[in-house]
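These are the residues of each chain, in order.
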Amino acid sequence: MFFIIGMIIVALIAGFIARAVVPGRDPMGLGGTLLLGVVGSFIGGFLGFLLFGRDFEDGAAQTSGIIGSIIGAVIALLIYRQVRGNSHARI
């Protein structure tokens, strides 16, 4: 139980930091920030797997630490913005 709560806290921190680091406005709530952090954690784990080749028995779809989660969340946020485009931009 504490592991899941810890992962949720790490995901929220990663999502908040990613939103703070990447300039621009992102109108998403707590759930969107949590999802951003979770996706970022998996992206960070995948990048760590590719770059460092560790944990081969765990496979490429794995979670990462806080630094990897933040980097992954920044990448996920930038991809989200590109996919979303300017069709939802508010003036």
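Preceding this paragraph is the structure being described.
Residues numbered from 1 in each chain as written. Predicted model: local features only at pLDDT ≥ 70, side-chain atom pairs only at ≥ 80, totals over all residues. Heavy atoms only, no water.

Draft legend 1. Inspection of the side chain of Thr 33 at higher detail. Its location among the elements puts Thr 33 in helix α2 (residues 30–52). Its relative accessible area of 0% is what places Thr 33 among the buried residues. At 2.8 Å, the side chain of Thr 33 forms a polar contact with the side chain of Arg 19. A distance of 2.9 Å separates a polar side-chain atom of Thr 33 from the backbone oxygen of Gly 29. Those residues in contact with Thr 33 that lie beyond four places of it in its chain are Ala 11, Leu 12, Gly 15, Phe 16, Arg 19 and Met 28. (Helix = DSSP H or I, 4+ residues; strand = E, 2+ residues; numbered from the N terminus. Buried < 20%, exposed > 50% of the residue type's maximum accessible area, 1.4 Å probe, protein only. Polar contact = N/O pair within 3.5 Å; in protein donor to acceptor, adjacent residues only side chain to side chain. Contact = heavy atoms within 4.5 Å.)

Draft legend 2. View of α2. For α2, which comprises 23 residues, the first-to-last C-alpha distance of 32 Å matches the rise-based estimate of 33 Å (1.5 Å per residue) to within 8%. Every buried residue of α2 is accounted for by Thr 33, Leu 36, Gly 37, Gly 40, Ser 41, Gly 44, Gly 45 and Phe 49. Considering only its buried residues, α2 is in contact with α1 (2–21) and α3 (66–84). (Expected span 1.5 Å × (residues − 1).)

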